[in-house]
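Letter by letter, the chains look like this.
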Amino acid sequence: MFDSLSDRLNDTFDRLRGKGKLTEADITSAMRDIRMALLEADVNFKVVKEFVAKTKERCMTAEVMESLSPAQNVVKIVLDELTEMLGSTESKLVFSNRIPNVIMLVGLQGSGKTTAAVKLAYLLKKQGRSPLLAACDVYRPAAADQLATLGGEIGVPVFRGDGAHPVDIAKGAIQEAVDHLRDVVIVDTAGRLQIDQELMEELARVKKAVKPHEILLVVDALTGQDAVNAASSFDEALGIDGVVLTKLDGDARGGAALSIRAVTGKPIKFVGTGEKLDALEPFYPARMSSRILGM
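Since the structure is predicted, the reported quantities are computational estimates derived from the model, not experimental observations.

Some thoughts on the overall build of the chain
Looking only at helices and strands, the chain has 12 helices and eight strands in total. For the chain, the C-alpha atoms occupy an extent of roughly 70 × 40 × 30 Å along the three principal directions. The contacts in the chain between residues at least 6 apart in sequence include a share of 78% that link residues at least 24 apart. Between the mean site of the 37 positive side-chain charges and the mean site of the 41 negative ones, the chain shows a separation of 3 Å.

Below, the structure is given as structure tokens:
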């Protein structure tokens, strides 16, 4: 996803490395190139503006300009600032001693929410937990069937509550988890093609009924700035705890992924890196920024 951005940034760094000593004009030119590269990668404009201002300020110090390897210092500063933009450290799921822990997944239709729920269940099962999936999307045709089929593939039970209201299905799943000593319930909620009041009110009722420990927003990395707007809207309405970014293996420009943390203040907790059910992994900001810089 970030190949084009990586190439642009590395071209800029190569030009800096070709100079023995850096001038203010060199730094200004490099920052202009970095700004253009980030904007072309679809990173949010305000995020780019702040990133470039902070990076330039750090690069213009005498400590950098007069060092023996100023270009290398510039690369290090860009790496640091990129890591900070992405969230600095890994943000893990927070589990309590209460059984069951409830994780509620929300998002727009088509973001890959149902698949993300199963992938998360598989990841938690591998970590020794005993998850239960709750099929609370009663609107999309065969959504519960899809969840049941995928759950069967990984050996995780699915609570369906066919014909019931999503709030009642969610409550029923909690009771099922208590009865069968399942320590995590992952609630797969309904999505819409766009954000509307009816959807948000239903999600708020589900939230009130099951009191989730974590509300994770699932967003499609290929949707660009719409993903950032969706994150802001869901956070305003529900108070999300983190983001699951799907389709990071796609070939879109990827800037939305770089913008979400900076715009919403909410961490990216997991990234989907492929179609298979084991293709979900924790998000490590430092690893991602190193990858973007081709390290």
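This is not the end of the story, as more comes after the structure.
Describing the pattern of salt bridges
Under the criterion given, the structure shown has 17 salt bridges. Where Arg8 meets Glu40, a salt bridge forms, and the shortest distance between an N and an O atom there is 2.4 Å. Residue Arg8 is located in helix H1 (residues 3–17), and its partner Glu40 is located in helix H2 (residues 24–40); the two are separated by 32 residues in the primary sequence. A cluster of three or more residues bridged by salt bridges with shared partners is formed by Lys54, Arg58, Lys76, Asp80, Glu81 and Glu84.

Describing the packing of aromatic side chains
Per the counting criterion, the structure on display carries zero aromatic pairs. Lying over the aromatic face of Tyr139, Arg192 brings its terminal NZ or CZ to 5.3 Å of the ring centre. One cation-aromatic arrangement involves Arg287 over Tyr284; the distance from NZ or CZ to the ring centre is 3.8 Å.

Considerations on the side chain of Asp26
With respect to the element layout, Asp26 can be found in helix H2. Within the structure, the side chain of Asp26 is placed 2.9 Å from the backbone nitrogen of Thr23, a separation counted as a polar contact. Among residues more than four places away in sequence, those in contact with Asp26 are Leu16, Lys19 and Lys21.

Structural notes on the nonpolar core
Considering soluble globular proteins, one finds that nonpolar side chains tend to be buried as a cluster. Core analysis: the largest hydrophobic core is formed by 74 residues, its most contacted members being Leu5, Val74, Phe234, Leu245, Leu258 and Ile292. Take this core: its biggest share by element is nine residues, from helix H5 (residues 70–86). In this view, Ile292 contacts Phe2, Leu5, Ser6, Leu9, Leu82 and Leu258; residues no more than four positions away in its chain are not counted.

Points about helix H11 (residues 255–264)
Among the 10 residues in H11, seven count as buried, and that is most of the element. The set of residues buried in H11 consists of Gly255, Ala256, Ala257, Leu258, Ser259, Ile260 and Thr264.

Quick word on a nonpolar patch on the surface
Side chains of Met36, Leu39 and Phe45 sit close together on the surface and give an oily, nonpolar patch of about 280 Å² of accessible area. The exposure class assigned to Phe45 is exposed, which follows from its relative accessible area of 55%.

Describing helix H6 (residues 113–126)
Taking 1.5 Å of rise per residue, 14 residues should cover 20 Å, and H6 covers 20 Å from first to last C-alpha, within 8% of that figure. For H6, a buried count of 10 out of 14 residues is recorded, marking the element as mostly surrounded by other parts of the structure. Regarding H6, the residues found buried are Lys113, Thr114, Ala116, Ala117, Val118, Lys119, Leu120, Ala121, Leu123 and Leu124. Positive backbone phi, approximately 95°, marks Gly128, located one or two places after H6.

Some details on the environment of Val43
For Val43, the position within the fold is in the loop between H2 and helix H3 (45–59). Classification of Val43 as buried rests on a relative accessible area of 4%. Every residue in contact with Val43, bar those within four places of it in the chain, is listed here: Leu38, Val48, Gln225, Gly255, Leu258 and Ser259.

A closer look at the packing of H3 against H5
Between two packed helices, both the angle of their axes relative to each other and the distance between the axes serve to describe the pair. Axis separation between H3 and H5 bottoms out at 10 Å; the angle between their running directions is 145°. Between H3 and H5 lies a crossing of right-handed hand. Along the contact surface, H3 presents Val47, Phe51, Lys54, Thr55, Arg58 and Cys59, while H5 presents Val74, Ile77, Val78, Asp80, Glu81, Leu82, Glu84 and Met85. Counted by class, the contact of H3 with H5 contains eight nonpolar, one polar and five charged residues.

A short note on the pairing of strand S4 (residues 184–189)
For S4, the buried fraction is high: six of the six residues fall into the buried class. By the bridge criterion, five bridges tie strand S1 (residues 101–106) to S4 in an arrangement that is parallel. By the bridge assignment for S4, Val102 is matched with Val185.

Things to note about the environment of Tyr139
Summarising the element assignment, Tyr139 is placed in the loop between strand S2 (131–136) and helix H7 (143–154). Measuring from C-alpha to C-alpha, the distance between Tyr139 and Pro166 comes to 9.7 Å, with 27 residues separating the pair along the chain. Every residue in contact with Tyr139, bar those within four places of it in the chain, is listed here: Pro166, Ala190, Arg192 and Glu202. A polar contact is formed between the side chain of Tyr139 and the side chain of Glu202, at a distance of 2.4 Å.

Details of the sheet that holds S2
Strand pairing in a sheet relies on backbone hydrogen bonds, with the paired strands running either antiparallel or parallel. Taken together, eight strands build an open sheet; the order of strands is S3-S2-S4-S1-S5-S6-S7-S8 and the sheet is mixed. In the strand order of this sheet, the two ends are held by strand S3 (158–159) and strand S8 (280–282), each with one partner. Pairing geometry for strand S6 (residues 242–246) and strand S7 (residues 268–272), over three bridges, is parallel. Counted as the bridge partner of Val243 is Ile268 from S7. Running over the sheet, helix H9 (residues 197–210) touches S1, S4 and strand S5 (214–220) and is turned about 175° from S1.

Conventions used here
- Residues numbered from 1 in each chain as written.
- Predicted model: local features only at pLDDT ≥ 70, side-chain atom pairs only at ≥ 80, totals over all residues.
- Heavy atoms only, no water.
- Helix = DSSP H or I, 4+ residues; strand = E, 2+ residues; numbered from the N terminus.
- Contact = heavy atoms within 4.5 Å.
- Lys, Arg positive; Asp, Glu negative; His and termini not counted.
- Charge placed at Lys NZ, Arg CZ, Asp CG, Glu CD.
- Salt bridge = Lys/Arg side-chain N within 4 Å of Asp/Glu carboxyl O.
- Phe/Tyr/Trp six-rings, centres within 6.5 Å; stacked < 30°, edge-to-face > 60°.
- Lys NZ or Arg CZ within 6 Å of the ring centre and 35° of its normal.
- Polar contact = N/O pair within 3.5 Å; in protein donor to acceptor, adjacent residues only side chain to side chain.
- Core = buried A, V, L, I, M, F, W, Y, C linked by side-chain atoms within 4.5 Å.
- Buried < 20%, exposed > 50% of the residue type's maximum accessible area, 1.4 Å probe, protein only.
- Patch = residues over 30% accessible without salt bridge, like charges linked within 9 Å, V, L, I, M, F, W, Y side chains within 5 Å.
- Areas by Shrake-Rupley, 256 points an atom, 1.4 Å probe, with all protein chains shown as cover.
- Expected span 1.5 Å × (residues − 1).
- Axes fitted to C-alpha atoms, helices over the stretch in contact; angles between N-to-C directions.
- Left-handed = near helix turned anticlockwise from the far one by under 90°.
- Nonpolar A, V, L, I, M, F, W, Y, C, P; charged D, E, K, R; others polar.
- Pairing = 2+ DSSP bridges.

Nothing here speaks to function; it is all geometry.
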